[in-house]
Amino acid sequence: AQSVTQLDSQVPVFEEAPVELRCNYSSSVSVYLFWYVQYPNQGLQLLLKYLSGSTLVKGINGFEAEFNKSQTSFHLRKPSVHISDTAEYFCAVTKTGGSNYKLTFGKGTLLTVNP
Amino acid sequence: GAVVSQHPSRVICKSGTSVKIECRSLDFQATTMFWYRQFPKQSLMLMATSNEGSKATYEQGVEKDKFLINHASLTLSTLTVTSAHPEDSSFYICSARDLRTLNTEAFFGQGTRLTVV
C-alpha cells in the first residue's frame, strides 16, 4: 500500500514570495506522483505529474516539482506566487502498472497568499 | 483537456430520501470512474471504483447498499445515496480515466455538495 504525507497543513505567504509545499510518500513499489489544486467548492485540477525521466517536472501556472527517490519526496515549488494561487494543494501517488489507477492522496496543504 | 461534468453541484435533501449524483465524461471515453468523499478541510477518501459494464469495487468500510454506483456507459456513472442521513452530508467528487492517456491521468468533476437535513 502507498501513503502520502504532506508536512504542512497550512502555508501562509506574501504575494510575489517563493513557496515550497512539501510531500513525502511511502511505497514498496514504484509509483507515479501528482500534485492537484482545489479551489473552494470545486473539484481537483492537475498541476503536474511525474511518471519517469527527468526528476524536475514543470506544470501549469508556473509550478514545478522535483522527484527525489532517495528521500521519497516530491515537493512543489513556485518562485513567485500570486493572490490567485490561494487554494488547497494535494499530493497524490499511484502505483505504476496498476490497471485501475487508484490514487492515494495526502491530507492537503492550504496555501494562503496575502497581499 | 478532457472534461468531466458532475451534476448537481449542490443538493439539499430530507433525511430518509435518496439522492442521485451524475458524473459524465464529455469528450472522452471513461473506462473507469472513481467516487470520492471529502469532509471539510480533509483529504479525498476513495469510496469506490467502477468499470464500465461491471459492478463497482467498494473500499473497506463503505456500505455498497447505501452508496449505489452504476456505470452503464463509457460516458456516465451515477452515485445514489439511499436513505440519506445527516451524517452523509459531505462533498462528493468523481473522477474518470481516459483510455487514450495510458492510465496515467484522471480527470475530476466539480464536486457535489450534499446536505441532508
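Before reading on, note that the structure itself is shown above.
(A) Here's a closer look at the pattern of salt bridges. Residue and element names in this part refer to chain A. Counted according to the given criterion, the structure contains 8 salt bridges over all chains. Glu64 is paired through a salt bridge with Lys58; the nearest N and O atoms lie 2.8 Å apart. Through salt bridges with shared partners, a single network forms among Glu20, Glu66 and Arg77.

(B) Structural view of the nonpolar core. Among the nonpolar cores identified, the biggest contains 27 residues, and Leu33, Trp35, Leu47, Leu48, Phe74, Leu76 and Tyr89 of chain A are the most heavily contacted of them. Elements with a minimum of two residues in this core: strand 2 (10-14), strand 3 (19-21), strand 5 (31-38), strand 6 (44-50), strand 8 (64-68), strand 9 (73-78), strand 10 (87-95) and strand 12 (109-114) of chain A. Listed in part, the 25 residues of the second largest apolar core include Val11, Met33, Trp35 and Leu79 of chain B.

(C) A look at the packing of aromatic side chains. All names here are of chain A. What the rule picks out here adds up to 12 aromatic pairs over all chains. Ring centres 6.0 Å apart and planes at 50° place the aromatic pair Tyr36 and Phe105 in the tilted group. With a gap of 69 residues between them, Tyr36 in strand 5 and Phe105 in strand 11 (residues 104-105) connect regions that are remote in the sequence. On the basis of relative accessibility, which here comes to 0%, the residue Tyr36 falls in the buried class.

(D) A look at the environment of Gln29 of chain B. With respect to the helices and strands, Gln29 of chain B occurs in the loop between strand 3 (19-25) and strand 4 (30-38). Linking Gln29 of chain B and Ala96 of chain B, residues 67 residues apart in sequence, is a C-alpha distance of 8.7 Å.

(E) Structural detail: the side chain of Ser95 of chain B. Residue and element names in this part refer to chain B. Position of Ser95 relative to the elements: it lies in strand 9 (residues 90-98). Accessibility expressed as a relative area gives 0% for Ser95, which makes it buried. Beyond its immediate chain neighbours, meaning those up to four positions away, Ser95 contacts Thr32, Met33, Phe34, Tyr36, Ala106, Phe107 and Phe108.

(F) A look at the state of the cysteines. Residues and elements named next belong to chain B. What the rule picks out here adds up to 2 disulfides over all chains. For Cys23, the disulfide goes to Cys94, at an S-S distance of 2.0 Å. Classification of the bridge connecting Cys23 and Cys94 rests on its S-S torsion, roughly 80°, and on that basis the disulfide is right-handed. Taken together, the residues Cys23 in strand 3 and Cys94 in strand 9 connect sequence positions 71 residues apart. Given the relative accessible area of 0%, Cys23 is considered buried. With a relative accessible area of 0%, Cys94 lands in the buried category. As a non-bridged cysteine, Cys13 has Cys94 as the owner of its nearest cysteine sulfur, 18 Å distant. Taking relative accessible area as the criterion, Cys13 reaches 8% and is therefore assigned buried.

Reading the values: rules and limits
- Residues numbered from 1 in each chain as written.
- Chains lettered and ligands numbered in written order.
- Predicted model: local features only at pLDDT ≥ 70, side-chain atom pairs only at ≥ 80, totals over all residues.
- Heavy atoms only, no water.
- Salt bridge = Lys/Arg side-chain N within 4 Å of Asp/Glu carboxyl O.
- Core = buried A, V, L, I, M, F, W, Y, C linked by side-chain atoms within 4.5 Å.
- Buried < 20%, exposed > 50% of the residue type's maximum accessible area, 1.4 Å probe, protein only.
- Helix = DSSP H or I, 4+ residues; strand = E, 2+ residues; numbered from the N terminus.
- Phe/Tyr/Trp six-rings, centres within 6.5 Å; stacked < 30°, edge-to-face > 60°.
- Contact = heavy atoms within 4.5 Å.
- Disulfide = S-S within 2.5 Å.

Structural measurements only, silent on function.
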